[in-house]
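Single-letter residue listing:
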Amino acid sequence: MVDQISAIDNPPLDETLTPSMREDALRLAIEQFYFGYRAFTVQPDRILAERGLGRVHHRILYFVGRNPRISVNALLGMLSVSKQALNAPLRQLMDMQLVMIDTATHDKRVRELSLTPAGAELEAQLTGTQMQQLQTVFAQVGTNAEAGWHQVMRSLSAQG
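Report follows, based on the coordinates. All of these numbers come straight from a predicted model, not from anything done at the bench.

Points about the overall build of the protein chain
For the protein chain, the count of helices and strands is six helices and three strands. Listing the helices and strands of the protein chain from first to last along the sequence gives α-α-β-α-α-β-β-α-α. Radius of gyration (C-alpha) of the protein chain: 19 Å, far over the 15 Å computed for a compact globule of 160 residues. With the C-alpha coordinates of the protein chain rotated into their principal frame, the extents come out at 60 × 30 × 30 Å. A buried classification covers 27% of the 160 residues belonging to the protein chain. Once local pairs closer than 6 in sequence are excluded, the contacts in the protein chain between residues at least 24 apart make up 52%. When the accessible surface of the protein chain is split by element, carbon and sulfur atoms take 55% of a total near 11,200 Å². When the 15 basic and 16 acidic side-chain charges of the protein chain are each reduced to a single mean position, those positions are 11 Å apart.

Looking at helix H2 (residues 55-66)
Between the first and last C-alpha of H2 there are 16 Å, a value that for twelve residues agrees with the 16 Å anticipated at 1.5 Å per step. Taken as a whole, H2 has its buried residues at His57, His58, Ile60, Leu61 and Val64. For H2, the buried positions fall inside an angular range of 165° around the axis, keeping them on one side.

Quick word on the packing of helix H1 (residues 19-50) against H2
The packing of two helices is summarised by the inter-axis angle and the distance between the axes. Following both chains from N to C, one finds H1 and H2 inclined at 90°, their axes separated by 10 Å at the closest point. Considered as vectors, H1 and H2 are oriented roughly perpendicular to each other. Here H1 contributes Tyr37, Thr41, Pro44, Asp45 and Leu48 to the contact with H2, which in turn contributes Arg55, His58 and Arg59. When grouped by side-chain class, the residues that make up the contact of H1 with H2 number three nonpolar, two polar and three charged.

Description of the pairing of strand S3 (residues 111-115)
The element S3 is largely enclosed, with a buried count of four among its five residues. Two elements, strand S1 (residues 70-71) and S3, share two bridges in a ladder whose sense is antiparallel. Within the sheet, the bridge partner assigned to Ile70 lies in S3 and is Leu113. Bridge count between strand S2 (residues 99-103) and S3: five bridges; the pairing is antiparallel. Its bridge partner lying in S3, Val99 is registered against Leu115.

The rules behind each value
- Residues numbered from 1 in each chain as written.
- Predicted model: local features only at pLDDT ≥ 70, side-chain atom pairs only at ≥ 80, totals over all residues.
- Heavy atoms only, no water.
- Helix = DSSP H or I, 4+ residues; strand = E, 2+ residues; numbered from the N terminus.
- Rg over C-alpha atoms; globule rule 2.2 N^0.38 Å.
- Buried < 20%, exposed > 50% of the residue type's maximum accessible area, 1.4 Å probe, protein only.
- Contact = heavy atoms within 4.5 Å.
- Areas by Shrake-Rupley, 256 points an atom, 1.4 Å probe, with all protein chains shown as cover.
- Lys, Arg positive; Asp, Glu negative; His and termini not counted.
- Charge placed at Lys NZ, Arg CZ, Asp CG, Glu CD.
- Expected span 1.5 Å × (residues − 1).
- Arc of directions from axis to C-beta.
- Axes fitted to C-alpha atoms, helices over the stretch in contact; angles between N-to-C directions.
- Parallel < 35°, antiparallel > 145°, perpendicular 65-115°, else oblique.
- Nonpolar A, V, L, I, M, F, W, Y, C, P; charged D, E, K, R; others polar.
- Pairing = 2+ DSSP bridges.

So, in structure tokens, the structure goes:
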């Protein structure tokens with residue numbers, strides 16, 4: 001079992017790494033990513049679980065909140081999921097009156113999503129815990145590390 005506490009904090013990053021050392025550094029990055037993501041999602045997961053919701057619901061709430069009146073098709077593309085995968089959680093959020101759906105004024109065939117006041121409140125609570133966590137961590141590591149983190153996340157997401 002991997003001991004996340006005793007793992008090397010700063011593996012060597014120069015070109016003199018042996019293949020074995022490079023593999024160890026990459027495995028450490030994977031483990032740090034996993035444990036970091038777990039820590040990043042634990043508080044929102046608890047809040048969501050109290051309502052019988054999960055991470056997929058959080059993603060929907062977040063992106064609908066960030067993109068008011070987003071079309072269902074645009075949300076599908078943003079989340080890279082099928083209509084079937086989105087249907088049940090979106091329907092649940094609508095039934096709970098957290099998300100509402102309207103017909104677009106420019107095209108009656110287009111359905112647009114928005115958060116209800118209750119949905120906006122829940123989204124703010126969920127995202128607020130994560131924003132606070134990131135703010136604390138970025139203050140601890142400094143602006144250069146924050147900029148590096150953004151660069152890594154941008155590069156990683158561009159590969160998906």
